Amino acid sequence: QVQLVESGGGLVQPGRSLRLSCAASGIIFSINAMGWYRQAPGKQRELVARITSGGITNYADSVKGQFTISRDNAKNTVYLQMNNLKPEDTAVYYCYADVRSTMRAAERGYWGQGTQVTVSS
């Protein structure tokens with residue numbers, strides 16, 4: 001009943017920037033936290049950044065000062081601005097959202113399909 005559609009991934013050279021977008025659609029009453037996770041080859045999926053509906057943000061230590069998460073509540077969309085990209089940022093990036101479909105429904109977590117980010121010269 002809820003779908004997260006991601007866009008913005010691709011191949012970039014080290015030092016370049018990339019902006020990921022994730023729009024939630026479907027039966028949505030409210031969205032609490034939204035975030036970005038990533039999974040690099042041979043590694044576990046890790047939280048990159050998270051933002052609450054009120055705009056409170058948290059970042060993994062590895063990306064602090066490099067990535068910026070933001071959201072547009074009116075559009076049910078979360079963004080990840082990735083600057084000064086490094087080869088170690090290469091991963092599949094997944095969007096996540098905690099969603100209430102109706103006022104009385106329990107909050108559920110939803111995942112996007114993932115988008116590949118490759119940083120290579």
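Note: the structure precedes this text.
First, a word on scope: everything that follows refers to the structure included in this document. (Residues numbered from 1 in each chain as written. Predicted model: local features only at pLDDT ≥ 70, side-chain atom pairs only at ≥ 80, totals over all residues. Heavy atoms only, no water.)

### Description of the pattern of salt bridges
Following the criterion strictly, the structure yields three salt bridges and no others. Taking the shortest distance from any N to any O, the salt bridge between Asp61 and Lys64 comes out at 3.0 Å. In terms of burial, Asp61 and Lys64 fall into one category: exposed. (Salt bridge = Lys/Arg side-chain N within 4 Å of Asp/Glu carboxyl O. Buried < 20%, exposed > 50% of the residue type's maximum accessible area, 1.4 Å probe, protein only.)

### A look at the packing of aromatic side chains
The full count for this structure, using the stated rule, is four aromatic pairs. With a centroid separation of 6.5 Å and 85 degrees between ring planes, the pair formed by Tyr94 and Trp111 is classed as edge-to-face. Taken together, the residues span a long stretch of sequence, with Tyr94 in strand β9 (residues 91-100) and Trp111 in strand β10 (residues 108-111) at a distance of 17 residues. Overall, Tyr94 belongs to the buried group, its relative accessible area being 15%. Through a chain of ring-to-ring contacts, the aromatic side chains of Tyr37, Tyr94, Tyr96 and Trp111 assemble into a single cluster. (Phe/Tyr/Trp six-rings, centres within 6.5 Å; stacked < 30°, edge-to-face > 60°. Helix = DSSP H or I, 4+ residues; strand = E, 2+ residues; numbered from the N terminus.)

### Here we look at the side chain of Asp89
For Asp89, the location among the structural elements is in the loop between β8 (77-82) and β9. A relative accessible area of 2% places Asp89 in the buried class.

### Quick word on the state of the cysteines
Scanning the model with the defined rule gives one disulfide in all. Between the sulfur atoms of Cys22 and its disulfide partner Cys95 the distance amounts to 2.1 Å. The chirality of the disulfide connecting Cys22 with Cys95 is left-handed, given an S-S dihedral of about -85 degrees. Within this pair, whereas Cys22 is found in strand β3 (residues 18-26), its partner Cys95 is found in strand β9, the two being separated by 73 residues in sequence. The exposure class of Cys22 is buried, given its relative accessible area of 0%. (Disulfide = S-S within 2.5 Å.)

### Quick word on the sheet that holds β3
In space, the four strands of this open sheet follow the order β1-β3-β8-β7, with antiparallel pairing throughout. Each edge of the open sheet is held by one strand with a lone partner, namely β1 (2-7) and β7 (67-72). In this sheet, adjacent strand axes meet at a mean angle of 15 degrees when their direction is disregarded. Bridge count for β1 against β3 is six bridges, and the pairing is antiparallel. Paired with Val5 across the bridge in β3 is Ala23. (Pairing = 2+ DSSP bridges. Axes fitted to C-alpha atoms, helices over the stretch in contact; angles between N-to-C directions.)

### Details of unusual backbone geometry
Unusually for a residue other than glycine, Asn76 sits at a positive phi of about 50 degrees. Secondary-structure assignment places Asn76 in the loop between β7 and β8. Residue Asn84 is not a glycine yet carries a positive backbone phi of 45 degrees. Summarising the element assignment, Asn84 is placed in the loop between β8 and β9. Residue class for Asn84 comes out partly exposed when judged on its relative accessible area of 45%.

### As for the environment of Val99
Assignment of secondary structure puts Val99 in strand β9. Here Val99 falls in the buried class, since its relative accessible area comes to 1%. The spacing of Val99 and Ser30 is 69 residues in sequence and 5.9 Å in space, taken between C-alpha atoms. Every residue in contact with Val99, bar those within four places of it in the chain, is listed here: Val2, Ile28, Ser30, Ile31, Ala106, Glu107, Arg108 and Tyr110. (Contact = heavy atoms within 4.5 Å.)

Read these as layout, nothing more, since geometry by itself doesn't imply function.
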